[in-house]
Structures are given as C-alpha cells and as structure tokens.
Amino acid sequence: MEPRRKVAGEIAQIIGGQLQGQVADQVKRRYAAWNDPRAKLDRRYRRSSRVLAFWLIVLALLTAVGTLALLNVIGPGIGVAAALGFAGTSVLAVRTNMKMRGIDAARRELAIAPVHEPLPARSSAARQPMERLEDAEDTLRELLRQLDSAALTSVPTDSVEQARATGSEASSALRAVSRQLQAVERARDTAPPLQRAPLVEGVRRLRTQLDEGVDGYCGLVAAAGRVLAESTASNPRQVLGDATDHLAGLASALRELSR
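Notes on the structure in this doc start here.

Some thoughts on the overall build of the protein chain
Logical step 1: The helix and strand tally for the protein chain stands at seven helices and zero strands.
Logical step 2: N-terminal to C-terminal, the α/β element order of the protein chain is α-α-α-α-α-α-α.
Logical step 3: Classification of the 259 residues of the protein chain by burial places 29% in the buried group.
Logical step 4: Partitioning the intrachain contacts of the protein chain with sequence separation of at least 6 by distance along the chain shows that 73% fall at a separation of at least 24.
Logical step 5: For the protein chain, the computed accessible surface area is about 16100 Å², with 60% contributed by carbon and sulfur atoms.

Comments concerning the nonpolar core
Logical step 1: Within the largest apolar cluster, 26 residues are counted, with the highest numbers of intra-cluster contacts made by L140, L147, L181, L210 and Y217.
Logical step 2: Among the secondary structure elements, those contributing two or more residues to this core are helix 4 (127-147), helix 5 (157-190) and helix 6 (197-229).
Logical step 3: With nine residues, helix 6 is the largest single contributor of residues to this core.
Logical step 4: Residues L52, W55, L59 and A93 belong to the second largest nonpolar core, which totals five residues.

Some thoughts on the packing of helix 4 against helix 6
Logical step 1: The N-to-C vectors of helix 4 and helix 6 enclose an angle of 20°; their axes lie 9 Å apart at closest approach. Viewed along their axes, helix 4 and helix 6 adopt a mutual orientation that is roughly parallel. Our pair here, helix 4 against helix 6, has a crossing hand that is left-handed.
Logical step 2: Within the contact of helix 4 with helix 6, the residues separate by chemical class into 16 nonpolar, four polar and five charged.

Cut-offs used in this document
- One numbering rule holds for all chains: residues counted from 1, following each sequence as written.
- Local features in this predicted model are restricted to residues of pLDDT 70 or higher, and side-chain atom pairs are both shown and tallied only at a pLDDT of 80 or more, whereas totals for entire chains, interfaces and linings draw on every residue.
- Side-chain descriptors were evaluated using all non-hydrogen atoms of the structure, hydrogens and water having been removed beforehand.
- Going along the chain from the N terminus, every DSSP run of H or I of four or more residues is numbered as a helix, and every run of E of two or more is numbered as a strand.
- A 1.4 Å probe rolled over the protein chains alone gives each residue an accessible area, and that area as a share of the maximum for its type sets the label: buried under 20%, exposed over 50%, partly exposed in between.
- Residue contacts are counted whenever heavy atoms from the two residues lie within 4.5 Å of one another.
- For accessible areas, the Shrake-Rupley method is used with a probe of radius 1.4 Å. Any residue's cover is judged against the shown protein chains and nothing else.
- Each nonpolar core is a collection of buried residues, namely Ala, Val, Leu, Ile, Met, Phe, Trp, Tyr and Cys, held together in the definition by side-chain atoms within 4.5 Å.
- Interaxial angles span 0 to 180 degrees and are taken between N-to-C directions of axes, which are lines fitted to C-alpha atoms, for helices over the stretch in contact.
- Roughly parallel here means an angle under 35 degrees, roughly antiparallel means over 145, roughly perpendicular means 65 to 115, and every remaining angle is called oblique.
- It is the rotation of the near helix from the far one that decides the hand of a crossing: anticlockwise by less than a right angle makes it left-handed, clockwise makes it right-handed.
- Under this grouping Gly is polar, as are all residues other than the nonpolar Ala, Val, Leu, Ile, Met, Phe, Trp, Tyr, Cys and Pro and the charged Asp, Glu, Lys and Arg.

Take a look at the structure:
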C-alpha cells in the first residue's frame, strides 16, 4: 500500500502545482484587466453617469415642487426651499457633467494610443516572441510616423498607410496564434502523461509559426528603417511595398492556420 500512497501523493502534488499555476495566470490576467487605464476610466465614467442621473431626478422633483408653489398649491416657504435646492443641485449636475466630459476626453486619447495585451506568463513558449513583437510594434510606429512627415521624406502617404494597416493586421494575427499556443499549453499541462505527445507537438508547431510571423513583422520594420535612412534613394515605395506585401501574405496564412 505504501508505494501506491507515494505515487498518489506525487500525482496530487503535480496536479496541485498545475492548478496553482493556472489560477495564478487567471488572477494575473484579471488583475491586469482591472487595472487597465481604459477600464479605470470606464468605471469612473459609469459612476459619474449614475451620479448625474441622480441629480437630474432631484432637479425634476424640485421643479415639480416649485411649480406647485407657483400655483399656490403648497406654501411659499417650501417653494423658496425648492428654489434654493434647485440652484445647488444644478451646480452639482453641471460639475458632474463637466467631469464626465473630461473622462470622455481622456478615454478618446487612450483610444488613439496603442493597446498592449498582457504578455504571456514567463513559463509560456509564447512569451519571448510576444516580447519581440511589442518592441517591433513600438519601433514600426515611430518609423512610420517619421516616414509620414512630408518635411522628412518623400515616401508616398498611401505606402505608409498600407504598411501601417498591414502591421496592425499582422499583430492581431500573431496575438491570435499566441492565445492558441497558451491554450494548448494549458491543455498539455492538465492532460494525462500518455496523452501529452500531440499537445507537445502542437506547442512546438505554434511556436514555430509565431517565430516566423514575428520575423516577418521585423522584416517590415527593417524595410521601413532602410527607407527612412535612404529616403532620398531611388524608389522607396518599392522597398516598403515589397516588405508590406510579404507581411500581408504571412498574416493571411497565420489567420487561415488559426482557423
């Protein structure tokens, strides 16, 4: 019985460790989502909206009381109190409305800024490619911003816009593959040992796709850098266009594979 108990204890420890890892990842993702600046602004906006709705209801009630006072249905003292309350509540309603406008403006500014998903766990095979992708995204964004400046380069605007759109599509496709890889990793970690081989192979294949996709994205970054460095050279449109077309084809292939 002792060997059986020992084996059962080891299995329980392994399963417990795996569950703890999964729970920790879920907690980290939820914590990151809760503390996201956009989520914070959304919560503030909803709270302010509820407060404004409350003030509007109070204003409507005070207006009704004031109307009754004007019609001599109720005493003038109550009408005066209603008028004072109306004035104070109006100030609070205006301040709340101004606060909501400020929050909404901040939300619009954040909407323009790039959104970065939380990086995969350090133990995930998707972590390193996603770190490379984030760095490449920041670099490409700055390169295209400069290429789009008529004062700096003579690169056609349509070429820059096409490169920007293709880069965004490729990033989305790569993040979809990253999410797939992480899901397969969780399945691999919870599967019985004898059933893990196909999942291990799936992780390896998805990691290869991620590496190839990020390499393609970095190729577009390199092309944009060359065009910026030699913006007065011959035919910058072709250099940037070739890299854009290559990345577009790679992103399309990744989307098909993810389906």
